[in-house]
Amino acid sequence: MEARVLSLDDVLRERQRWCVPVYQRHYAGDTGENKQLTRLWEDIEEKANELLSATQPYPHYIGAIIVAEPPNQPFGTVRQRLLVDGQQRITTFELVLAAIREAARKRQLSDLIPVIDSYLYNEISGGMSKPDVEKYKLWPSSFDRTLFRDIVDNSAEKLPKLHPEAFYKNGNMKWGAAPLLLAAFWFMNERINTFISATDDETADSTKRLDAVLKGFLSAFRVVMIQLDDKDDAQEIFASLNDLGKPL
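Conventions and cut-offs
All residue numbers refer to positions counted from 1 along the written sequence of the respective chain. Totals for whole chains, interfaces and linings use all residues, but because this is a predicted model, local features are given only for residues with pLDDT of at least 70 and pairs of side-chain atoms are given and counted only at 80 or more. Side-chain metrics rest on all non-hydrogen atoms present in the structure, leaving aside hydrogens and water. The helix and strand labels rest on DSSP assignments: H or I over at least four residues marks a helix, E over at least two residues marks a strand, and numbering proceeds from the N terminus. Think of it in three bands: residues with accessible area under 20% of the maximum for their type are buried, residues over 50% are exposed, and the middle band is partly exposed, with areas taken using a 1.4 Å probe on protein chains only. It only takes one pair of heavy atoms within 4.5 Å for two residues to be counted as in contact. Residue exposure ignores everything except the shown protein chains as possible cover, and the areas themselves are Shrake-Rupley values with a 1.4 Å probe. Whether two aromatic rings pair depends on their centres lying within 6.5 Å, for rings of Phe, Tyr and Trp, where Trp uses its six-membered ring; planes under 30 degrees apart make the pair stacked, over 60 edge-to-face, and the rest tilted. What is meant by a nonpolar core is a set of buried Ala, Val, Leu, Ile, Met, Phe, Trp, Tyr and Cys residues, joined one to another through side-chain atoms within 4.5 Å. By arc we mean the arc of the directions from the helix axis to the C-beta atoms, nothing more. Paired strands are those between which DSSP finds at least two bridges. Each axis is a line fitted through C-alpha atoms, and for a helix only the stretch in contact is used; angles between axes span 0 to 180 degrees, taken between their N-to-C directions. The working definition used for a salt bridge is a side-chain nitrogen of Lys or Arg within 4 Å of a carboxyl oxygen of Asp or Glu. A 3.5 Å cut-off defines polar contacts: any pair of N or O atoms within that distance qualifies, except that in protein one atom must be a possible hydrogen donor and the other a possible acceptor, and neighbouring residues in sequence count only when both atoms are side-chain atoms.

(A) Representation of the overall build of the chain. The helix and strand inventory of the chain stands at 10 helices and six strands. Expressed as a percentage of the 248 residues in the chain, the buried residues total 49%. Here the analysis covers contacts within the chain between residues at least 6 apart in sequence; of these, 71% occur between residues at least 24 apart. For the chain, the accessible surface area stands at approximately 12600 Å², while carbon and sulfur atoms represent 50% of it.

(B) Looking closely at the packing of aromatic side chains. Evaluated as defined, the whole model comprises seven aromatic pairs. Ring geometry for Trp41 and Phe195: centres 6.1 Å apart, planes at 80°, overall edge-to-face. In this pair, Trp41 sits in helix α2 (residues 36-52) while Phe195 sits in helix α8 (residues 180-196), placing the two residues 154 residues apart along the sequence. For Phe195, a relative accessible area of 4% gives the class buried. Taking the centre distance of 6.4 Å and the plane angle of 65° together, the rings of Phe185 and Trp186 count as edge-to-face. We classify Phe185 as buried; its relative accessible area is 1%.

(C) Structural context of the nonpolar core. Of all hydrophobic cores here, the largest spans 67 residues; its most connected members are Leu12 and Trp18. Of all the elements, α8 adds the most residues to this core, at 11 residues. Apart from the residues lying within four places of it in its own chain, the contact partners of Trp18 are Val11, Leu12, Ile65, Val67, Arg81, Leu83, Ile90, Lys137, Leu138, Trp139 and Met225. Core analysis: the next-biggest nonpolar cluster, separate from the first, contains five residues, Ile66, Ala68, Val84 and Leu228 among them.

(D) Helix α4 (residues 112-120), seen in detail. Three or more residues of α4 are buried, namely Leu112, Ile113, Ile116, Tyr119 and Leu120. For α4, the arc enclosing every buried residue in end-on projection is 115°, short of the 170-degree limit, so these residues lie on one face.

(E) Focus on the sheet that holds strand β3 (residues 60-68). Spatial ordering of the open sheet is given by β1-β6-β3-β4-β2-β5, a layout of six strands whose pairing is mixed. Across the chains shown, the open sheet's two edge strands, defined by having one partner strand only, are β1 (2-7) and β5 (138-139). Here β3 pairs with strand β6 (residues 221-227) via six bridges, running parallel. Along β6, the bridge assignment pairs Tyr61 with Arg222. Across the sheet, α2 touches β3 and β6, and the angle it forms with β6 is around 120°.

(F) Geometry of the pairing of β3. Two elements, β3 and strand β4 (residues 80-85), share three bridges in a ladder whose sense is antiparallel. Within the sheet, the bridge partner assigned to Ile66 lies in β4 and is Asp85.

(G) Expanded view of unusual backbone geometry. One non-glycine residue, Ala54, lies in the positive phi region at around 65°. With respect to the helices and strands, the residue Ala54 is situated in the loop between α2 and β3. You will see that Gln108, though not glycine, has its phi angle at about 55°, which is positive. Within the element layout of this structure, Gln108 appears in the loop between α3 (87-106) and α4.

(H) Local environment of the pattern of salt bridges. Counted under the stated rule, the structure contains nine salt bridges. The salt bridge partner of Asp10 is Arg13, with a shortest N-O separation of 3.2 Å. Taken together, the positions of Asp10 and Arg13, both in helix α1 (residues 8-13) and three residues apart, correspond to about one turn of that helix. What makes Asp10 partly exposed here is its relative accessible area of 32%. Here Arg81 and Glu14 are joined by a salt bridge, their closest N and O atoms 3.7 Å apart. In this pair, Arg81 is assigned in strand β4 and Glu14 in the loop between α1 and β2 (17-19), connecting sequence segments 67 residues apart. Of the residues examined, Glu14 reaches a relative accessible area of 30% and is grouped as partly exposed. Members of the salt-bridge network, linked through shared partners, are Glu14, Glu69, Arg79 and Arg81.

(I) Highlighting the side chain of Asn154. Counting through the fold element by element, Asn154 comes out in the loop between α6 (142-153) and α7 (159-162). For Asn154, a relative accessible area of 17% translates into the label buried. A distance of 2.8 Å separates the side chain of Asn154 from the backbone oxygen of Asp150, its partner in a polar contact. Excluding anything up to four places from it in sequence, Asn154 contacts Arg101, Arg105, Arg149 and Leu162.

Laid out in structure tokens, this is it:
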């Protein structure tokens, strides 16, 4: 077992596939008042404001991620990393990045979009045996997979058409009816747009604010990455770490 403290930039930019094992629960991020996602957004906003005020953000530690790698992975394929513990965190991080990308699309910041895509997708190469699968940096459980792909592969304006049961006709979300994965993305999308729009200048200032959100999120947030080895029982470790709570 090896443990390292890494920034989200180090954790998420690597060419890899985060795979959620079958024994993991479904995505459970909560957008309620003082719940996981509201507290996470408050932390993201704080780091962005520190950057905007020319203050070097203090590192913000957001827990541990435990991974195991399947043995004998074929050469040339994208490396798989099984999320023994931390799939809620990794999934939420990807949703935050998708929401930041959506804000960039809305403001036609074409230079920023491929930068964010590099944290959501692996570049397709000839070594991939299943490019349609291996291009995704996160491969959720079968329960969440289709919805996750809909979120990262489409613009926000298309989601009400893809999932009409989760939206009113005016495009507003039915918060009580929407799947948690979709609600988490929509929550972050709304919070980011509100933060970016808090300026009289709709061009330079909003671009600067969005850049601060992305930079603060990727550089200031830290996780403890724990890599299991062949002697560790991943499922037993997962069972011993988890109880009835729903930590981010």
